Amino acid sequence: MISLLLFKQIAQLFLAMLVGFCLVRCGLLKPKDSRVLSVVALYAALPCVIIESFQMDCTPEMVQ
């Protein structure tokens, strides 16, 4: 079960890389635009993902 989850996450990563590569190759993004996207991902998206990963439902078992 864990290996399937890991495979899905790796596949999503490679899909994102492929989309970025295709956008640059098609001319929709310039290579220097990647710096701006990296800054947005680092300072905006990553903290949101970290906070989201720590959110859990509060159950009576957890309280005890």
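Scroll up a little and you will see the structure.
Predicted, not measured: the structure shown is a model, and the values here were computed from it. (Residues numbered from 1 in each chain as written. Predicted model: local features only at pLDDT ≥ 70, side-chain atom pairs only at ≥ 80, totals over all residues. Heavy atoms only, no water.)

Draft legend 1. A look at the overall build of the chain. Tallying secondary structure elements over the chain gives 3 helices and 0 strands in all. Reading the chain from its N end, one meets helices and strands in the order α-α-α. By the compact-globule yardstick of 11 Å for 64 residues, the chain is too spread out, its C-alpha radius of gyration being 17 Å. The buried share of the chain, reckoned over its 64 residues, is 0%. Here the chain has roughly 6300 Å² of accessible surface; of this, 73% comes from carbon and sulfur atoms. For the chain, the distance from the average site of its 5 positive side-chain charges to the average site of its 4 negative ones is 26 Å. (Helix = DSSP H or I, 4+ residues; strand = E, 2+ residues; numbered from the N terminus. Rg over C-alpha atoms; globule rule 2.2 N^0.38 Å. Buried < 20%, exposed > 50% of the residue type's maximum accessible area, 1.4 Å probe, protein only. Areas by Shrake-Rupley, 256 points an atom, 1.4 Å probe, with all protein chains shown as cover. Lys, Arg positive; Asp, Glu negative; His and termini not counted. Charge placed at Lys NZ, Arg CZ, Asp CG, Glu CD.)

Draft legend 2. Up close: helix α1 (residues 2–26). Taking 1.5 Å as the rise per residue, α1 with 25 residues should run 36 Å; its terminal C-alpha atoms sit 36 Å apart, in good agreement. Two residues or fewer past α1, Gly27 is found with a positive phi of approximately 90°. (Expected span 1.5 Å × (residues − 1).)

Draft legend 3. Just a nonpolar patch on the surface, in detail. Taken together, the side chains of Val39, Leu42, Tyr43, Leu46, Ile50 and Phe54 make up a nonpolar region of the molecular surface, amounting to roughly 640 Å² of accessible area. Position of Tyr43 among the secondary structure elements: in helix α2 (residues 33–54). The class for Tyr43 is exposed, based on a relative accessible area of 64%. (Patch = residues over 30% accessible without salt bridge, like charges linked within 9 Å, V, L, I, M, F, W, Y side chains within 5 Å. Salt bridge = Lys/Arg side-chain N within 4 Å of Asp/Glu carboxyl O.)

Draft legend 4. Fine view of the environment of Leu23. Tracing the backbone shows Leu23 in helix α1. Sequence separation between Leu23 and Val40 is 17 residues; the distance between their C-alpha atoms is 17 Å. Sequence-distant contacts of Leu23, that is, excluding residues within four places in its chain, are made with Leu28 and Leu29. (Contact = heavy atoms within 4.5 Å.)

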